[in-house]
Amino acid sequence: MSTLATLFADVPEPFGTILVSLVPIVILTVVLIISVALLTLAERKVLGLMQARVGPNRVNLFGVSGLGQPFADVIKLLIKEVVLPARSNRFLFIVAPLLALIPALAAWAVVPLWPGFAISNINAGLLYLLALSSAGVYGIIIAGWATNSKYAFLGAMRSAAQMVAYEIAMGFALVGVLMASRSLNLGDIIHAQQGGPLTWFWFWLFPLCVVYFISGVAETNRAPFDVAEGESEIVAGFHVEYSGVAFALFFLAEYANMILISALTAVFFFGGWLSPFDGYPWVPGWLAAPGLHWFAVKIAVFLFCFIWFRATFPRYRYDQIMRLGWKVLIPITLVWIAVEMVMAIYKIGPWAAI
């Protein structure tokens, strides 16, 4: 930020301040959109390897087999007609994809990408993330209702009920992170994990880490929790009537949420941008140094897990998914919060230095 402030020092106010704030936002948004495009390609390639298939290999770019496929898909979706159902609520029909996408992008405002850098370094970053993740469900509900289709509405209700159930489990898991770090600031949460992989919160909060990531998979409606897209029951779920760029926005929101959940899992439980060699005196300084590259590696590992789950597990029944959320994950988080209370009393783990 200081570099940008120096760059735009000669720009009259308030335009200089606006540019300093706007440039990182634009850069991050563009990087996320390109990352979504490359993630769709990576998913097809990895699924192809896991299922003994080839994957995309026709639209080549820069000599890389299939690299142009995501961009070909974007062009196809942009030129397709957006069909508005005759009896739909046209305003809400158009707004719904934006309501699903905007929270997934806006959440990155408080994510620390490397030491000392976040677009907005607010102290209530954890509450900000919880509020935005809860707002994403409105896009799905409105999309199902605005189309005036019973199949879309049924898919929206199923998806919304699932998201609410797993949102509670996710929130309780983050209460455990709050207790261990004693801060709502995401940068402070990362700093509280300094000292190497065994001081990262996954070690002391392992059940909460598992619950959080499972809830994140369910929140994004990914397999095996993709009950909103049960083709044999409700066609394609809440976005069955969407086409063209409107459908592309829902598609973008799903993959943007995958990247976000992976990033937040790394921040809350795996040290964010901290190096896995942090705290080892025999490791060269450049290898133990924190940075964006370590953050990116951790995000890539969790994105691979998303794809791995899709290739491995069959889709669960709806009652199984709801039972897992309400009767398994939520009780696990409550029990481990009580365990954390005992660890805090006896100064164990993250509380030993207090």
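Located above this text is the structure these notes cover.
Heads up: these notes are all about the structure in this document. (Residues numbered from 1 in each chain as written. Predicted model: local features only at pLDDT ≥ 70, side-chain atom pairs only at ≥ 80, totals over all residues. Heavy atoms only, no water.)

1. Focus: the environment of Lys45
To keep it simple, the criterion reads: To qualify as a helix, a DSSP run of H or I must reach at least 4 residues; to qualify as a strand, a run of E must reach at least 2; elements of each kind are numbered from the N terminus. Accessibility here uses a 1.4 Å probe with only protein chains present; expressed as a share of the type maximum, an area under 20% marks a residue as buried, one over 50% as exposed, and anything in between as partly exposed. It only takes one pair of heavy atoms within 4.5 Å for two residues to be counted as in contact.
Structurally, Lys45 can be placed in helix α2 (residues 15-50). The exposure class assigned to Lys45 is partly exposed, which follows from its relative accessible area of 25%. In the structure, Lys45 is positioned 21 residues away from Gly66 in sequence and 8.9 Å away in space, judged by C-alpha atoms. Among all residues touching Lys45, those that are not within four sequence positions of it are Val54, Pro56 and Ser65.

2. Details of unusual backbone geometry
Here Ala223 and Pro224 are connected by a cis peptide whose omega angle stands at 5°. The residue Pro224 is located in the loop between α9 (206-219) and α10 (231-234) in this model. Within the chain, Asn148 stands out as a residue other than glycine whose phi angle is a positive 60°. Along the polypeptide, Asn148 turns up in the loop between α5 (125-146) and α6 (150-181). Notably, Asn221 is not glycine yet its phi reads approximately 60°, a positive angle. Mapping Asn221 onto the fold places it in the loop between α9 and α10.

3. Details of the packing of α9 against helix α14 (residues 318-345)
For the record, the criterion: Every axis corresponds to a line fitted to the C-alpha atoms, with the helix fit spanning only the stretch in contact, and the corresponding angles, defined between N-to-C directions, vary from 0 to 180 degrees. Convention used here: angles under 35 degrees read as roughly parallel, angles over 145 as roughly antiparallel, angles from 65 to 115 as roughly perpendicular, and any remaining angle as oblique. Crossings are assigned a handedness: left-handed for a near helix turned anticlockwise from the far helix by less than a right angle, right-handed for a clockwise turn. In this classification, the charged set is Asp, Glu, Lys and Arg, the nonpolar set is Ala, Val, Leu, Ile, Met, Phe, Trp, Tyr, Cys and Pro, and all remaining amino acids, among them Gly, are polar.
It is at 9 Å that the axes of α9 and α14 come closest, and there the two elements cross at 150°. Relative to α14, the element α9 lies roughly antiparallel. Between α9 and α14 the crossing geometry is left-handed. Across the interface between the two elements, Pro207, Leu208, Val211, Ile214 and Ser215 of α9 pack against Leu324, Leu329, Ile332, Thr333, Trp336 and Glu340 of α14. Of the residues contributing to the contact of α9 with α14, the split by class is 8 nonpolar, 2 polar and 1 charged.

4. Some words on the pattern of salt bridges
Defined as follows: Each reported salt bridge corresponds to a side-chain nitrogen of Lys or Arg within 4 Å of a carboxyl oxygen of Asp or Glu.
Scanning the entire structure with this criterion turns up 6 salt bridges. The salt bridge involving Glu254 is made with Arg222; its shortest N-O contact spans 3.4 Å. One end of the pair, Glu254, is in helix α11 (residues 244-269); the other, Arg222, is in the loop between α9 and α10, and 32 residues separate them in sequence. A relative accessible area of 19% places Glu254 in the buried class. A salt bridge links Asp319 to Arg323; its shortest N-O distance comes to 3.3 Å. Here the residue Asp319 and the residue Arg323 both occupy positions in helix α14, the gap between them amounting to 4 residues, near one helical turn.

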